[in-house]
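Per-entry structural report
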Amino acid sequence: MTDSDRLLGFLIPARSARGRVVRLGPALEAILSAHAYAETPARLLAQALALAALMGAILRPDEGQVTIQAQPAAGREGPVRLLVADYLAGALRGYVAVDPDRRLAEGDSLDQVFGGGHLVITLDQCVSAERYQGIVALEGDSLAAAAQGYFASSEQVPTLVRLAAGRGANGRMCAGGFIVQHLARAEAGGTRLGLEVDGDHSDWAHVAALAGTLSDSELIDPALPLETLLWRLFHEEEVRVLAPVRLSRGCRCSEAYIRSVLLRFSEGERAHMRDEDGRISVDCEFCSKRFLFEV
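Model, not experiment: these values are computed from the prediction.

Our focus in this paragraph is the side chain of Gln65. Within the element layout of this structure, Gln65 appears in strand 3 (residues 64–71). With near-sequence residues (within four places) excluded, Gln65 lies in contact with Asp86, Tyr87, Leu88, Thr122, Leu123, Asp124 and Arg252.

Shown next, in the form of structure tokens:
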């Protein structure tokens with residue numbers, strides 16, 4: 001049996017820590033299959049999707065959508081023009097836009113990949129219709145490093161983030177992600193943790209040291225159950241594992257929605273959009289599906 005397309009949350013009450021671990025397999029392959037990505041952009045998108053799952057799964061299904069977006073700074077361009085991944089109620093989608101004339105090598109830093117720029121993390125809350133957005137510089141050697149920068153500046157909570165992507169023995173792409181945070185205390189008898197940072201960081205140093213032993217191969221190995229992975233890391237601690245979250249590919253493009261958007265344009269504007277057959281063509285960047293409209 002394999003363990004993929006699943007996320008586990010966990011608590012370590014005695015160490016005032018909480019975290020999540022995720023692994024993507026068939027759902028990731030379905031997302032990547034919409035485009036003929038080269039290996040390096042495919043791995044970058046795979047890691048972004050794992051990060052979106054890690055951040056989105058803390059929400060209840062009806063709470064909102066999390067979007068991860070990375071793009072170059074104004075006036076600067078690297079091989080990657082745009083990277084987008086989002087999560088909504090267990091459904092993931094994403095794409096990466098690459099300059100076909102620019103070389104993108106494995107091991108390039110974020111500055112080389114994007115030419116500088118920003119990581120934007122957006123939470124759209126369904127119930128209140130409010131939007132929260134955090135922006136940090138794309139700094140460091142990896143997307144995980146940039147994500148840690150986000151937590152350091154936005155939440156100011158000690159956080160360790162690990163992201164990995166690679167191909168298994170069957171040649172299929174897998175991705176994994178891990179996040180653990182040091183919080184003040186567990187509420188008595190509950191599963192929620194306070195948001196105030198504990199002044200004593202000895203517990204966090206212990207948790208971070210254990211989490212630092214996690215390897216990329218463990219993160220992406222579908223033969224290693226996530227529960228076993230957590231046991232390997234924290235078998236000397238009492239770890240409370242939360243209910244798993246199942247993940248899937250979930251592009252939300254809709255003919256009805258796109259039609260409603262087109263109808264907001266004036267007749268003159270739609271005339272400029274029509275081809276020689278009088279139809280308007282719209283492509284979904286996420287799943288590459290093409291819609292044709294006579295409006």
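So that's the structure; there's more coming.
Moving on: the environment of Glu139. Here Glu139 is to be found in the loop between strand 7 (131–137) and helix 4 (143–155). As for Glu139 and Leu119, which are separated by 20 residues in sequence, their C-alpha atoms are 9.0 Å apart.

All right, on to the sheet that holds strand 6 (residues 118–125) then. The strand order 7-6-3-4-5-12 describes an open sheet built from 6 strands, whose pairing is mixed. The strands lining the two open edges of the sheet, one partner per strand, are strand 7 and strand 12 (248–249). Pairing of strand 4 (residues 80–88) with strand 5 (residues 91–98) involves 8 bridges; the strand directions are antiparallel. What sits directly across from Ala85, in strand 5, is Gly94. Its contacts with the sheet put helix 2 (residues 39–56) on strand 3, strand 4, strand 5 and strand 6, and the angle it makes with strand 4 is roughly 35 degrees. Packed on one face of the sheet, helix 4 meets strand 4, strand 6 and strand 7 and runs near 120 degrees to strand 7.

With 18 residues, helix 2 extends 26 Å from end C-alpha to end C-alpha; this agrees with the ideal 26 Å at 1.5 Å per step. Across the 18 residues of helix 2, 15 count as buried, placing the element largely inside the fold.

Attention now moves to the nonpolar core. Leu24, Leu83, Leu92, Phe114 and Leu119 are the most contacted members of the largest nonpolar core, which has 58 residues in total. When residues in this core are grouped by element, the largest group, 12 residues, is from helix 2. Contacts of Phe114, omitting those with residues within four sequence positions, involve Leu44, Ala70, Gln71, Pro72, Arg76, Glu77, Gly78, Val80, Leu83 and Leu138. Of all hydrophobic cores here, the second largest spans 22 residues; its members include Ile12, Ile220, Leu224 and Leu233.

Let's shift gears to the packing of helix 2 against helix 4. It is at 10 Å that the axes of helix 2 and helix 4 come closest, and there the two elements cross at 30 degrees. As summarised for this structure, helix 2 and helix 4 are arranged roughly parallel, according to the angle between their axes. Here helix 2 runs over helix 4; the crossing is right-handed. The segment helix 2 lies against helix 4, with Leu44, Gln47, Ala48, Leu51 and Met55 engaging Leu143, Ala147, Tyr150 and Phe151. Its residues placed into classes, the contact of helix 2 with helix 4 shows 8 nonpolar, 1 polar and no charged.

The geometry of an aromatic ring pair is captured by the separation of the ring centres together with the interplanar angle, meaning the angle of the planes. Applying the stated rule across the entire model yields 5 aromatic pairs. A centroid spacing of 5.8 Å and a plane angle of 25 degrees characterise the contact between Phe10 and Phe178, whose relative ring orientation is stacked. A residue pair is termed long-range when its members are at least 10 positions apart, and Phe10 in strand 1 (residues 6–12) and Phe178 in strand 9 (residues 173–182) qualify at 168 residues. Among the residues examined, Phe10 registers a relative accessible area of 1% and is labelled buried. Look at Phe178 and you get buried, because its relative accessible area is 0%. Geometrically, the ring pair formed by Phe10 and Phe234 is tilted, given 5.8 Å between the ring centres and 35 degrees between the ring planes. Here Phe10, found in strand 1, pairs with Phe234, found in helix 7 (residues 226–234); they are 224 residues apart in sequence, far enough to count as distant. The exposure class of Phe234 is buried, given its relative accessible area of 1%.

Turning next to the pattern of salt bridges. A side chain of one charge can pair with a side chain of the opposite charge if their charged atoms are brought near each other. Counted by the stated rule, this structure contains 17 salt bridges. Close ionic contact of Asp216 with Arg162 constitutes a salt bridge, the shortest N to O distance being 3.0 Å. One end of the pair, Asp216, is in helix 6 (residues 216–220); the other, Arg162, is in strand 8 (residues 159–167), with 54 residues separating them in the sequence. Beyond isolated ion pairs, a larger network of salt bridges with shared partners links Asp3, Arg6 and Glu227.

Further remarks concern the environment of Gly56. Along the chain, Gly56 falls in helix 2. When its relative accessible area of 0% is taken as the criterion, Gly56 is described as buried. Through-space distance from the C-alpha of Gly56 to that of Leu123 is 8.5 Å; in sequence the pair is 67 residues apart. Other than its neighbours up to four places away in sequence, Gly56 contacts Val66 and Tyr87.

Rules used in this analysis
Residues numbered from 1 in each chain as written. Predicted model: local features only at pLDDT ≥ 70, side-chain atom pairs only at ≥ 80, totals over all residues. Heavy atoms only, no water. Helix = DSSP H or I, 4+ residues; strand = E, 2+ residues; numbered from the N terminus. Contact = heavy atoms within 4.5 Å. Pairing = 2+ DSSP bridges. Axes fitted to C-alpha atoms, helices over the stretch in contact; angles between N-to-C directions. Expected span 1.5 Å × (residues − 1). Buried < 20%, exposed > 50% of the residue type's maximum accessible area, 1.4 Å probe, protein only. Core = buried A, V, L, I, M, F, W, Y, C linked by side-chain atoms within 4.5 Å. Parallel < 35°, antiparallel > 145°, perpendicular 65-115°, else oblique. Left-handed = near helix turned anticlockwise from the far one by under 90°. Nonpolar A, V, L, I, M, F, W, Y, C, P; charged D, E, K, R; others polar. Phe/Tyr/Trp six-rings, centres within 6.5 Å; stacked < 30°, edge-to-face > 60°. Salt bridge = Lys/Arg side-chain N within 4 Å of Asp/Glu carboxyl O.

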